[in-house]
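Residue-level structure breakdown
This is what each chain is made of:
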Amino acid sequence: MSVVTVQLGQCGNQVGHQLFDVICSDAHEAQRIYSCSSCERFFYRSRQGELVARAVMIDMEAKVINQSLTKAAKSGRWKYGDTSYFSQKQGSGNNWANGYCVHGPRHREVVEELVRREVERCDRLAGLMAMMSVAGGTGSGVGTYVTQCLRDIYPKSFILNHLTWPYGTGEVIVQNYNSVLTLAHLYQLSDAILVHENDTVHRICSQLLNIKHISFSDVNTVIAQQLGSVLQPALTADSHGVYSRNPLGELVSALACHPEYKLLSVSSIPQMPSSSIAYSTFSWPGLLKHLRQMLISNAKMEEGIDWQVRPLAGSERTRSLTGPSFNTSLANLLILRGKDVYSAETGSFEDPALYTSWLSSGEAFTLWKSPVPFNKYEKSATLVSNSQALLKPLDNMVGKAWNMFASRAYIHQYIKFGISEEDFLDSFTSLEQVISSYSQLC
Amino acid sequence: MQRGKAAVSVEVKQVIAALCKLLAATGLHAVPAPETFRRAKFGGEVEVEDQLWQLLTDIFHTTSSVSSAASTQLKEASEHRKLVAAGLWQSGYHADWMYVREGGEGAEEGGCSSRDLLLALGWLLAMGTLEKLLTQRVQQLDRTLLTPTPVDPHISHEVQLDSASLRRLQWLIGCLRHQGRTMLSMQEERAGLLHALFSASLPSSASSSSDQSSAVLREDCARMRELCDLLEAYLNWKQVEKVFWTWMDSVVDCHLKEPVVGRPTHRANRKAAVCHHGNRGLERLEDMLLTLPTLQKGQRRGRRDAEDRGERGAYRARLHTERPVRQPRRGRGSGRAVGFSGCTDASSHRGQAAGEEGQAETG
């Protein structure tokens, strides 16, 4: 079972490259079965015996793609397919409408052909993963358009979108417009939307990893490591003692079965500078206790967890007094990797108080395990959560976009490419629905 | 007009031939010639009847849908008939001839005509027996199929329509959809691998060195061919099925117009929708009632026969009206339960009636 990755735009191509690098070096150091399983998912072997990523790179500018191509080739361990990329000379100008209405349709055939070639190379397609940011023009606009095409061509395949959300104090003035349009469209197309917020990852870099001058590359590495710990082989309930062959399908089935709830967030523990790892000891109870508190208090880092937040007893919940600080989950997927993984006690994540009342904790909680340590940590835990964690940033994003829309700021830039005010309103409406669904999760 | 009729009858014959071909393709042995069907419509001879008995027995035997001890020992013709009667009863069909007891009044004449059996066959076809036979045969022939393990879906009848259970339901539906997709991709992979396997083993089978694999392959090919024939026969039947049912209608018309002679007359006016499942009990009751007046006659000599007969008639009328109507589409068990409760009701009525009679007696 293989995953075909579609990297879109500057951000998607950088994060994607980083992800393949993380996966390849992780698989390289591990034992054979794990390594083979990982490679089958993300790579194929060329006739010369090189590992080639099952990926398609798409951007409207050639710069980032060329960088990724060179870096991958330089690593000596893996490379991108010689012809599996597509680039143009002129970008989308940070305009979603330009990407969605102009660039996307114009290059549809080429892109579809590239993806089809990768899909046909797989014995069995586990699913498609589209990686992009929501702020710019190419990743968000072309990305949305390409996702739509993929949904048309592969109606029965799992499609996961990995999105990078921009810094709140943005890089691009119209980033909230782009985000709203992307999210609203993807919500109808994608099976699950996995989100990394730049702000959160930036804080992890500065506070946990002690990086002084944080670059995009540092941020992308953290994202790639978290993604890798989710997507690398693991033993699941359905896999009967061997590494699961259906990573995307099982991920989506565990977390996003309800059409109104598709937003997934990731948190992992431990995260520390590699120089400190040697001096640290980890225990499963300690890691899981922290991770659980991170979940319910909606902290993305171990640093600054609010230990006061507690799940309320059943009788209190009915009075809807769930404090605003308590993060209710719809479903959680816990992935444990490392030593003594079978002795880890995960009962605290099965507490019904963590979940919405209409889904039993048995249905809402899924556990994957792998005895192979990931990313130099002797023991590590990653939690993918479909919870209220993204409610606040989403609400902020939609709020800011709405304020701009109310004064019709920059709207003409979108109208000129064929996105009407009506389209904007539709997108706002559908995201308000998402916000309301997640708010009522209790 | 006459020509048209002839054309129609030719067409009907072809349609029935298509049905016979399909039945034979599903692995039944005792499939009669199309002509048998036509003769059965007009209440054909013993020979026709025998062929239909065999066909019905074969169907029940093949689908093994009769959960009766009788299905294991099929030595005598009467056992066959028991099996067929039980099978029809379990499929929800009921006709008077099915209830004729051995040595009873009807048994001497065979109890039923070939038209009755034809109607019973029509019922079975309409109830999806063909599809059952087809599925069974396809599973036998196509070894590459993933046969689903039968699951007993436990559906609670207390569906709550609050928002929480609706959301839960939506989640479960989504879950099911995802599992369906996963299964589909598994089957695609399996098909791909099978294809690779077959195309790899085909050239080698041409050489004499791998006799064993070529023998296996030949068997596989034969089975595949049989499977194709079967599916094609089903397709052909599906296209002309309508004609058959129109013809079957005419059989029913025939049946209603000219009831077969020699049947017990008191049963002739029963409605088809009446439940006969509990009739063993009811019949025993009726018998008791029949003997009752004689006993009473023995007890009280001065009474006139006509009065007795009148009373007897009244009781029977009452029994008829009290007889429970079988509810359609009910489970077998519950149907039987209804029948039995009907019996107890009837007996209590009978008790009452007897009491009343006793009072009338004294008065």
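Conventions used here
Residues numbered from 1 in each chain as written. Chains lettered and ligands numbered in written order. Predicted model: local features only at pLDDT ≥ 70, side-chain atom pairs only at ≥ 80, totals over all residues. Heavy atoms only, no water. Helix = DSSP H or I, 4+ residues; strand = E, 2+ residues; numbered from the N terminus. Buried < 20%, exposed > 50% of the residue type's maximum accessible area, 1.4 Å probe, protein only. Lys, Arg positive; Asp, Glu negative; His and termini not counted. Salt bridge = Lys/Arg side-chain N within 4 Å of Asp/Glu carboxyl O. Polar contact = N/O pair within 3.5 Å; in protein donor to acceptor, adjacent residues only side chain to side chain. Pairing = 2+ DSSP bridges. Contact = heavy atoms within 4.5 Å. Axes fitted to C-alpha atoms, helices over the stretch in contact; angles between N-to-C directions. pLDDT = per-residue confidence, 0-100. Buried area = accessible area lost by both parts, 1.4 Å probe.

Residue and element names in this part refer to chain A. Tracing the backbone through its elements, the reader meets Arg337 in strand β11 (residues 329-338). Despite being buried, Arg337 has no salt bridge partner; Asp26 is the closest side chain of opposite charge, sitting 5.9 Å away. Within the structure, the side chain of Arg337 is placed 2.8 Å from the backbone oxygen of Ser229, a separation counted as a polar contact. A polar contact is formed between the side chain of Arg337 and the backbone oxygen of Gln232, at a distance of 2.8 Å.

Residues and elements named next belong to chain A. One open sheet holds the 3 strands; their spatial order is β2-β3-β5, and the pairing between them is mixed. On the outer flanks of this sheet lie β2 (43-45) and β5 (78-79), each paired with one strand and no other. The sheet contacts of helix α2 (residues 32-42) involve β2 and β3 (51-53), and relative to β2 the element is tilted by about 95°.

So, about the confidence of the model for chain B. Residues and elements named next belong to chain B. Looking at chain B, pLDDT values average 69 and 55% of them are 70 or higher. Note that residues 103-109 has pLDDT below 50 and, in this model, 10 contacts with residues that lie over four places away or in other chains. Across the interfaces of the predicted complex, the ipTM metric reaches 0.90, alongside a pTM of 0.67.

Okay, the interface of chain A and chain B next. Across the contact, 26 residues belong to chain A and 15 residues belong to chain B. Of the roughly 1800 Å² buried between chain A and chain B, counting both surfaces, carbon and sulfur atoms make up 54%. Sorting the residues of chain A by area buried against chain B places A:Arg124, A:Cys257 and A:Trp358 first, and these three jointly supply 34% of that buried surface. Our count for the chain A to chain B interface comes out at 5 salt bridges. A salt bridge links B:Arg168 to A:Glu363, with the shortest nitrogen-to-oxygen separation between them at 2.5 Å. Inspection of the chain A/chain B interface yields 10 residue pairs in polar contact (both at pLDDT 80 or more). Of all the elements in the fold, those that place two or more residues in the side of chain A that touches chain B are α10 (247-255) and β11 of chain A.

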